[in-house]
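Understanding the architecture of this molecule
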Amino acid sequence: MSTLNLKANIDRPDDFYEALLNAHDGMSKTESDAFNARLILILANHIGDRGLLNEALAKAAE
């Protein structure tokens, strides 16, 4: 099992944050929530490591 990386690890994080905000542009709250859910599931599938995903869930709940 890998260890959850909580250190900055995104190339040009401000650009990613802007792209994430732009992806939500014009969406209702319901559409935005559904988009976030789909994005989370896509990224969770990419990670694939159940232990790592459980660690991320626990960290997010703190």
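My aim in this report is to walk through the structure given alongside it, one point at a time. Per-chain numbering applies: the sequence of each chain, read as written, is numbered from 1 onward. Where totals are concerned, whole chains, interfaces and linings use all residues; where local detail is concerned, this predicted model gives features only for residues with pLDDT of at least 70, and gives and counts side-chain atom pairs only at 80 or more. Note that water and hydrogens are dropped before the side-chain values are worked out from all heavy atoms of the structure.

1. A short note on the overall build of the protein chain
Here is the rule: Note on conventions: DSSP H or I runs of at least 4 residues are helices, E runs of at least 2 residues are strands, and numbering of each starts at the N terminus. Throughout this description, buried means an accessible area under 20% of the type-specific maximum (1.4 Å probe, protein chains only), exposed means over 50%, and partly exposed covers the range between. Using a 1.4 Å probe, the Shrake-Rupley method yields the accessible areas, and only the shown protein chains count as cover for residues. Positive: Lys, Arg. Negative: Asp, Glu. His and the chain ends are not part of the count. Just so you know, the charge point we use is NZ for Lys, CZ for Arg, CG for Asp and CD for Glu.
Helix and strand content of the protein chain: three helices and zero strands. For the protein chain, the sequential pattern of α-helices and β-strands runs α-α-α. By principal-axis analysis of the C-alpha atoms, the protein chain measures approximately 40 × 25 × 25 Å. Counting over 62 residues, the protein chain shows a buried share of 6%. In the structure as shown, the protein chain presents an accessible area of about 5400 Å², 58% of it carried by carbon and sulfur atoms. Positive and negative side-chain charges of the protein chain, numbering 6 and 10 respectively, have mean locations separated by a distance of 6 Å.

2. Section: helix α2 (residues 29-47)
As a reminder of what qualifies: The span expected for a helix works out to 1.5 Å for each residue beyond the first.
If you check α2, its first and last C-alpha atoms are 27 Å apart, about what 19 residues at 1.5 Å a residue would give, namely 27 Å. Positive backbone phi, approximately 75°, marks G48, located one or two places after α2.

3. A short note on the environment of R50
Tracing the sequence through the fold places R50 in helix α3 (residues 50-61). With a relative accessible area of 61%, R50 lands in the exposed category. Between the alpha carbons of R50 and L20 there is a distance of 25 Å; along the sequence they are 30 residues apart.

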